[in-house]
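This is what each chain is made of:
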Amino acid sequence: FIPKEKLGFVLLTNVTATPLQQESMHLVWENLLTKEDNKQPQKAGDQHAYKDYIGDYIANFASFKNVAFTFSVKDGKAYINVPGQMNYELKAPDKNGMMVFAITDTISVSFDRNKKGKVTALRMHQNGFDFELQRKGVPIIAEVPTEQFKPYLGIYQSKLFKGNLQVKVQNKRLAIDVPKQMVFELTLPDEKGFRHFRIKSQMRVTFDKNENNQITAINVFKGDKKIDTAQRN
């Protein structure tokens, strides 16, 4: 609301996660209050430079379950189509390869390549989260043999999350299924034994073992602070 200008707006959405939830205010005020002659045209990128990225990328986060985001190019401009939302225009990549959403500078995308230079995944960066979308048709290469994850698999009772955490294998990676949230894939352990959430590295876990080398619990950390210990059932 802007009472002085007698302006207000309401946003209705039927999806759980959308950039518009946070950025709609900026969009509306900019378009209602900014004179058109003050707006600078978006410079088009090099269409040839985008050719490696064109295609579908599979999303498995928030409300998205095996849903394809499509990267495309039209008239020299790049777009990412988010199903159920809209086809978002992207600005030309910066020196680090980041493509910022044209409607907001708080969301951007980048791309992963393998050792041969082939694009394997799209990353969407938003609010400190790093959403990884594997390219359709490109298999995920296991970082270690998945048999190594077997001792960790199972159900863990969590007080923080008020339910059972399930440790499982997803996309050939060790992962934690948090009730009413999503499956969080983990990195391999760092030098201190922390396995970080791939989607948000500030969140990390360690596993406790007993004298028989059996996994007994998961310790959940936010930064350096332990916030939960989930005992294995």
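Cut-offs and rules
Residues numbered from 1 in each chain as written. Predicted model: local features only at pLDDT ≥ 70, side-chain atom pairs only at ≥ 80, totals over all residues. Heavy atoms only, no water. Helix = DSSP H or I, 4+ residues; strand = E, 2+ residues; numbered from the N terminus. Contact = heavy atoms within 4.5 Å. Areas by Shrake-Rupley, 256 points an atom, 1.4 Å probe, with all protein chains shown as cover. Pairing = 2+ DSSP bridges. Buried < 20%, exposed > 50% of the residue type's maximum accessible area, 1.4 Å probe, protein only. Axes fitted to C-alpha atoms, helices over the stretch in contact; angles between N-to-C directions. pLDDT = per-residue confidence, 0-100.

*Asks:* Sorry if this is basic, but what is going on with the overall build of the protein here?
*Replies:* Scanning the protein for helices and strands turns up one helix and 16 strands. The long-range share in the protein, meaning contacts at least 24 apart out of those at least 6 apart in sequence, stands at 33%. By element, 51% of the accessible surface of the protein is carried by carbon and sulfur atoms, the whole surface being about 14,300 Å².

*Asks:* Is there a simple way to explain the pairing of strand S8 (residues 129-135) in this structure?
*Replies:* It is a general feature of regular strands that their side chains alternate between the two faces of the sheet. When strand S1 (residues 55-61) meets S8, the two strands line up antiparallel, connected through two bridges. Across the sheet, residue Tyr57 finds its bridge partner in S8, namely Arg135. Both strand S7 (residues 119-126) and S8 contribute to a ladder of six bridges, which runs antiparallel. Of the residues in S8, the one forming a bridge with Arg123 is Glu132. From the end of S7 to the start of S8, which pair antiparallel, there are two residues, and Asn127 there has a positive phi angle of about 55 degrees.

*Asks:* Got a minute to help me understand the environment of Val178 in this structure?
*Replies:* Tracing the backbone through its elements, the reader meets Val178 in the loop between strand S11 (173-177) and strand S12 (183-185). For Val178, a relative accessible area of 3% puts it in the buried group. Expressed as a C-alpha distance, the spacing of Val178 and Leu165, which sit 13 residues apart in the sequence, is 5.3 Å. Those residues in contact with Val178 that lie beyond four places of it in its chain are Phe161, Leu165 and Phe184.

*Asks:* What exactly am I supposed to notice about the sheet that holds strand S14 (residues 200-209) here?
*Replies:* Strands belonging to one sheet form pairs held by backbone hydrogen bonds; the direction of such a pair is parallel or antiparallel. Read from one edge to the other, the open sheet built from eight strands follows the order S12-S11-S10-S9-S16-S15-S14-S13, with strand pairing classed as antiparallel. Two strands close off the open sheet at either side, each with one partner strand: S12 and strand S13 (195-197). Averaged over all adjacent pairs, the angle separating strand axes in this sheet is 30 degrees, with direction ignored. Note: strand S10 (residues 163-170) against S11, five bridges, orientation antiparallel. Counterpart to Lys168 in the pairing with S11 is Ala175.

*Asks:* Just checking my understanding: could you explain the confidence of the model for the protein for this structure?
*Replies:* Parts of the model with low pLDDT should not have their predicted coordinates read in detail. Per-chain confidence: the protein averages 87 in pLDDT, with 86% of residues scoring 70 or above. Least confident of the elements in the protein is helix H1 (residues 20-33), whose mean pLDDT is 66; most confident is S13, at 97.

*Asks:* When you look at the sheet that holds strand S6 (residues 107-113) in this model, what are you seeing that I'm missing?
*Replies:* Strand order in the open sheet formed by eight strands is S4-S3-S2-S1-S8-S7-S6-S5, with antiparallel pairing between adjacent strands. A strand with exactly one partner marks an edge of an open sheet, and here the two such strands are strand S4 (87-90) and strand S5 (99-100). Note: S1 against strand S2 (residues 64-74), seven bridges, orientation antiparallel. Bridge assignment links Phe61 to a residue of S2, and that residue is Phe64.

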